[in-house]
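# Residue-level structure breakdown
The lines below spell out each chain.
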Amino acid sequence: MMKSTIAGLALLGALHHGWEDFRTERPLYVSGTVTEVRWGNPHPEVRLRVTSPVRLPSGLAERPIPAELEELGGRDVLRRTQAYDGQDDEVVLILAPVERLTAWGMADRVARGERLEAVGYLHREHAAEFRPELLVRQDGRAIRQRSVSLPQGALPTSSGSGTRPAAGDHGDGAVTTGSDIGGGGVPVPWLVAGVLLVAAGAAVVAVRIRRKSGDGV
């Protein structure tokens, strides 16, 4: 059973919410009841108690979905979707930022006790995290959670590819800047080494000057 709290996950959330961090090659269907909600940016997080065993609904691939998601390959995702078979009886749904949810027709927040369905992906390292690309509310509303093309294949390499979001783009509209840690420029280890080398050289020169001054007295 997943014992960590949703607040704890929130502390790490901003570090691994890009689509490339999730197993987008294996779409899954999950459904259950909301037990806890953290509503806010960078991503609302909803803890879902999974209805076990999860069964794939008949006609899932033919369900109506938002037109924008259809254009991004959402129909193909539904065709490839399998039932959730994870070990956790609860998962944390990582939703799109609040502003996007509002723009996509979900101005009201999810409530505890609400039943939800989701099609999405498990995190590559944190098995209890699930990022939907489609969320179906208890009242039947289907809300998209994705606005970019999915990365292809396994984790992207550092050189990137045509399908990976641009540098600094987390795939959800959040863009980092050059002031972020590790965000370009001179690598930190080399910079530190350079500073230490210069300092050592200056110390040697200072010692030699002092010795010369002492010899001349």
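Higher on the page you've got the structure.
Residues numbered from 1 in each chain as written. Predicted model: local features only at pLDDT ≥ 70, side-chain atom pairs only at ≥ 80, totals over all residues. Heavy atoms only, no water.

## Section: the overall build of the protein chain
Our working definition: Helix numbering and strand numbering both begin at the N terminus, where a helix is a DSSP run of H or I of at least 4 residues and a strand a DSSP run of E of at least 2. Partly exposed describes any residue whose relative accessible area lies between the buried limit of under 20% and the exposed limit of over 50%, with all areas from a 1.4 Å probe on protein chains only and scaled to the type maximum. Whether two residues touch is decided by their heavy atoms; if any such pair falls within 4.5 Å, the residues are in contact. Per-residue and other accessible areas were derived by the Shrake-Rupley procedure at a 1.4 Å probe size, with only the shown protein chains allowed to occlude residues.
What the protein chain contains, in helices and strands, is five helices and seven strands. Counted from the first residue to the last, the protein chain has its helices and strands arranged as α-β-β-α-α-β-β-α-β-β-β-α. Counting over 217 residues, the protein chain shows a buried share of 38%. Considering only contacts within the protein chain whose residues lie at least 6 apart along the sequence, 71% involve residues at least 24 apart. Summed over all atoms, the accessible surface of the protein chain reaches about 12,300 Å², with 57% contributed by carbon and sulfur.

## Comments concerning the pairing of strand β5 (residues 115-122)
Counted only if it meets this: Two strands qualify as a pair provided DSSP detects at least 2 bridges between them.
When you tally the buried positions in β5, you get seven out of eight residues, the bulk of the element. Both strand β1 (residues 28-38) and β5 contribute to a ladder of six bridges, which runs antiparallel. By the bridge assignment for β5, Tyr29 is matched with Val119. Summarising the sheet, β5 and strand β6 (residues 129-136) pair through six bridges and their orientation is antiparallel. Bridging from a neighbouring strand, Val119 pairs with Leu134 of β6. Between the antiparallel neighbours β5 and β6 lie six residues.

## What about the nonpolar core?
The condition that has to hold: We call a set of buried residues a nonpolar core when its members are Ala, Val, Leu, Ile, Met, Phe, Trp, Tyr or Cys and they connect through side-chain atoms within 4.5 Å of each other.
Counting 36 residues, the largest nonpolar core has Val46, Tyr84, Leu93, Leu95, Met106, Leu116 and Phe130 as the members making the most contacts within it. Counting only elements with at least two residues in this core, the list comes to β1, β2 (45-50), α3 (74-80), β4 (90-94), β5 and β6. Looking at this core element by element, the count peaks at five residues for β5. Setting aside anything within four residues of it in sequence, one finds Tyr84 in contact with Leu28, Tyr29, Val30, Val50, Val54, Val91 and Leu122.

## Some points on the side chain of His43
Rules: Within 3.5 Å is the distance limit for a polar contact, defined as a pair of N or O atoms, with the added protein rule that one can donate a hydrogen and the other accept it, and that residues adjacent in sequence qualify only through two side-chain atoms.
Position of His43 relative to the elements: it lies in the loop between β1 and β2. Classification of His43 as buried rests on a relative accessible area of 3%. At 2.7 Å, the side chain of His43 and the backbone oxygen of Leu95 are in polar contact.

## Section: the pairing of β2
For β2, a buried count of five out of six residues is recorded, marking the element as mostly surrounded by other parts of the structure. What sits between β1 and β2 in their antiparallel hairpin is a turn of six residues. Pairing analysis gives five bridges linking β2 to β4, with the strands arranged antiparallel. Within the sheet, the bridge partner assigned to Val46 lies in β4 and is Leu93.

## As for the side chain of Arg144
Stated precisely, the cut-off is as follows: When charges are counted, neither His nor the chain ends are considered; positive counts come from Lys and Arg and negative counts from Asp and Glu. One side-chain nitrogen of Lys or Arg within 4 Å of one carboxyl oxygen of Asp or Glu is enough to make a salt bridge.
Mapped onto the fold, Arg144 is located in strand β7 (residues 142-144). With no salt bridge to any partner, buried Arg144 finds its closest opposite charge in Glu68, at an N-O distance of 4.1 Å. Polar contacts involving the side chain of Arg144 include one to the main-chain carbonyl oxygen of Arg146, which spans 3.1 Å. Setting aside chain neighbours within four positions, we find Arg144 in contact with Pro66, Glu68, Leu69, Leu72, Trp104, Glu133 and Leu134.

## A word on the pattern of salt bridges
On inspection of all chains with the given rule, the structure shows 15 salt bridges. A salt bridge links Asp108 to Arg141, with the nearest nitrogen and oxygen atoms 3.0 Å apart. You can see Asp108 sitting in the loop between α4 (98-103) and β5 and its partner Arg141 sitting in the loop between β6 and β7, a full 33 residues away along the chain. Among the residues examined, Asp108 registers a relative accessible area of 34% and is labelled partly exposed.

## A few points about the environment of Arg109
By the element assignment, Arg109 lies in the loop between α4 and β5. With 69 residues separating them in the primary sequence, Arg109 and Gly40 have C-alpha atoms 9.7 Å apart. Not counting residues within four places of it along the chain, the set of residues in contact with Arg109 comprises Trp39 and Arg137.

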